Amino acid sequence: MACMLDKDFMPMINVINDFKMSVSKEKSQRLIIRIERNKGFVSGFELDVYKDNTGYDEENYDVIERLIKSILWVKGGYKIYIFGSEIIYNRIKADYSFGGKRDFDRGFMSRVYESDFQVIYVDAESDLPEINDVSSPVGRHLDGCRIGFDAGGSDRKVSAVIDGETVFSEEVVWHPKLNSDPKYHYDGIVSAFKSAAAHMPRVDAIGVSSAGVYIDNKIMVASLFLKVNDDDFEKHVKHMYLEAAKEIGDIPVEVANDGDVTALAGAMSLEDNNVLGVAMGTSEAVGYVDSKGNITGWLNELAFVPVDFNKDSMVDEWSGDYGCGVKYFSQDAVIKLAPKAGIELDETLTPAEKLKVVQKLMEDGDQRAKAIYETIGVYFGYSIAFYAMFYDIKHVLIMGRVTSGKGGEILLENAKEVLLDKFPELYRKISLNIPDEKARRVGQSVAAASLPEIK
């Protein structure tokens, strides 16, 4: 296998597989976890763990804590049900209490789902809520005259789409993350909508692709409104896309996370489903299209999902947790690995500028830079195997500035090498690709426009 700069990397999938094998040889008990989110949707897992009070309580907790955290950020939720171990329940409840170890996660989920976060112990298996993870059809509607809007952090893109054909498209530079007045954002969105509307005989529907978390078309958390205070967010931001659409008419509107829309664009381009799209840029942004071709409504916030079990691995400054995807599949990963590869980066440079330095070395054939991308590829191969615990995957599309140029190709080849060597069944099932840039850009606007159904 290729050069691995991070010798202490402990892939989550390996730890879980080893745990299952060890438990099978000892006294065990069944543990069942259910996590409830909006509209009564329920996800979860069950697993044999070591029997309580047999000397393995810490091993049980370490693995279950990581799995609960993972499913929470993959699918979302605000209510955790635990059956099978009061010892594990007490530890998890303490973690997700106010001021606890997972206070960031608790606060985030409470805000997203507008509900108090709860951890509940269930005495009888029959009292657990049943798994209910059904997705609803969103997207792939190409009939009529539609607006597709993509809200980025540095520019906003809008397209006028008639029966699946883009008849007008424009990009406008804006600075939403620097503005505290929500009127700036609102005026920019309305201006984009009107610009596209002027190029069609009518508007039948509006689809929005935007970074952030959206529940029932409401903006729950979004970095575009970073400077907006909480009061203004509640009053003026939460329903902003719906309010802006009313300026065009009483028409269907659908708002989705940009990662999901990118995955949808990939699925439409591939003419297939079960697509996981992973964008490696400032952070790790992810979207997923299921076997029915639907966006699931899951959070897909894999930046906060642990991929490295090593407790001494790098900590994410925002969530305060270790081993999470943001430090493995973003520009942070490149910067983190540079010193280990023997590359000293000027500390006065921004993270984006540091990435460019490494990319330039990569283009020049520098073997140290190559080792960085080989290592990220190894990270990714093992992490795809871990993600496959939660997603049914046929295609993985990687994008984002970290994957541009030769580095992306090396990353991809090393991820494939891991799958072939360690997970041959997944290697045969999953194809890994970098989408064509032009196709991705055109596809994104059409995919956004296709989100709402015209009734």
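About the thresholds
- Residues numbered from 1 in each chain as written.
- Predicted model: local features only at pLDDT ≥ 70, side-chain atom pairs only at ≥ 80, totals over all residues.
- Heavy atoms only, no water.
- Phe/Tyr/Trp six-rings, centres within 6.5 Å; stacked < 30°, edge-to-face > 60°.
- Helix = DSSP H or I, 4+ residues; strand = E, 2+ residues; numbered from the N terminus.
- Buried < 20%, exposed > 50% of the residue type's maximum accessible area, 1.4 Å probe, protein only.
- Lys, Arg positive; Asp, Glu negative; His and termini not counted.
- Salt bridge = Lys/Arg side-chain N within 4 Å of Asp/Glu carboxyl O.
- Polar contact = N/O pair within 3.5 Å; in protein donor to acceptor, adjacent residues only side chain to side chain.
- Contact = heavy atoms within 4.5 Å.

Undergrad: I tried to follow the packing of aromatic side chains on my own but got confused; where do I start?
TA: Two descriptors summarise a pair of aromatic rings, namely the distance from one centre to the other and the angle between the planes of the rings. Enumeration according to the criterion identifies 29 aromatic pairs in this entry. Here the aromatic rings of phenylalanine 19 and tyrosine 50 are separated by 5.5 Å at their centres, their planes lie at 90°, and the arrangement is edge-to-face. Taken together, the positions of phenylalanine 19 in helix H1 (residues 12-23) and tyrosine 50 in strand S2 (residues 42-50) put the pair 31 residues apart, joining distant regions of the chain. One exposure class covers both phenylalanine 19 and tyrosine 50, and it is buried. Where tyrosine 214 meets tyrosine 241, the ring centres are 6.4 Å apart and the plane angle is 55°; that geometry is what we call tilted. Of this pair, tyrosine 214 sits in strand S9 (residues 213-215) while tyrosine 241 is found in helix H7 (residues 240-246), placing the two residues 27 residues apart along the sequence. Of the residues examined, tyrosine 241 reaches a relative accessible area of 1% and is grouped as buried.

Undergrad: Before we go on, may I ask you to explain the environment of aspartate 250 in this structure?
TA: Position of aspartate 250 among the secondary structure elements: in the loop between H7 and strand S11 (253-257). Sequence separation of aspartate 250 and alanine 94 is 156 residues, and the distance between their C-alpha atoms is 47 Å.

Undergrad: Would you explain the side chain of aspartate 308 in this entry?
TA: One can find aspartate 308 in the loop between strand S13 (284-289) and helix H9 (331-341). For the buried residue aspartate 308, which engages in no salt bridge, the nearest side chain bearing the opposite charge is lysine 336, 5.9 Å off. At 3.0 Å, the side chain of aspartate 308 and the backbone nitrogen of asparagine 310 are in polar contact. A distance of 2.7 Å separates a polar atom in the side chain of aspartate 308 from a polar atom in the side chain of tyrosine 328. Apart from the residues within four sequence positions on either side, aspartate 308 is in contact with Asp6, Asp8, Phe9, Met10, Met12, Ser313, Tyr322, Gly323 and Tyr328.

Undergrad: When you look at the pattern of salt bridges in this model, what are you seeing that I'm missing?
TA: One side chain can pair with another of opposite charge once the charged atoms of both are near each other. The full count for this structure, using the stated rule, is 35 salt bridges. Across the salt bridge formed by aspartate 133 and lysine 75, the nearest N and O atoms sit 2.7 Å from each other. Of the two residues, aspartate 133 sits in the loop between strand S4 (118-121) and strand S5 (145-151) while lysine 75 sits in helix H2 (residues 57-75), which places them 58 residues apart along the sequence. On the basis of relative accessibility, which here comes to 21%, the residue aspartate 133 falls in the partly exposed class. For lysine 183, the salt bridge goes to aspartate 187, with nearest N and O atoms at 2.7 Å. On the criterion of helical spacing, the pair formed by lysine 183 and aspartate 187 is a turn pair, its members being four residues apart in helix H5 (residues 182-197). Exposure remark for lysine 183: the relative accessible area of 52% places this residue in the exposed category. One salt-bridge network, in which partners are shared between bridges, spans Glu65, Arg66, Lys69, Arg102, Asp105 and Asp321.

Treat this as a map of the structure, not an account of what it does.
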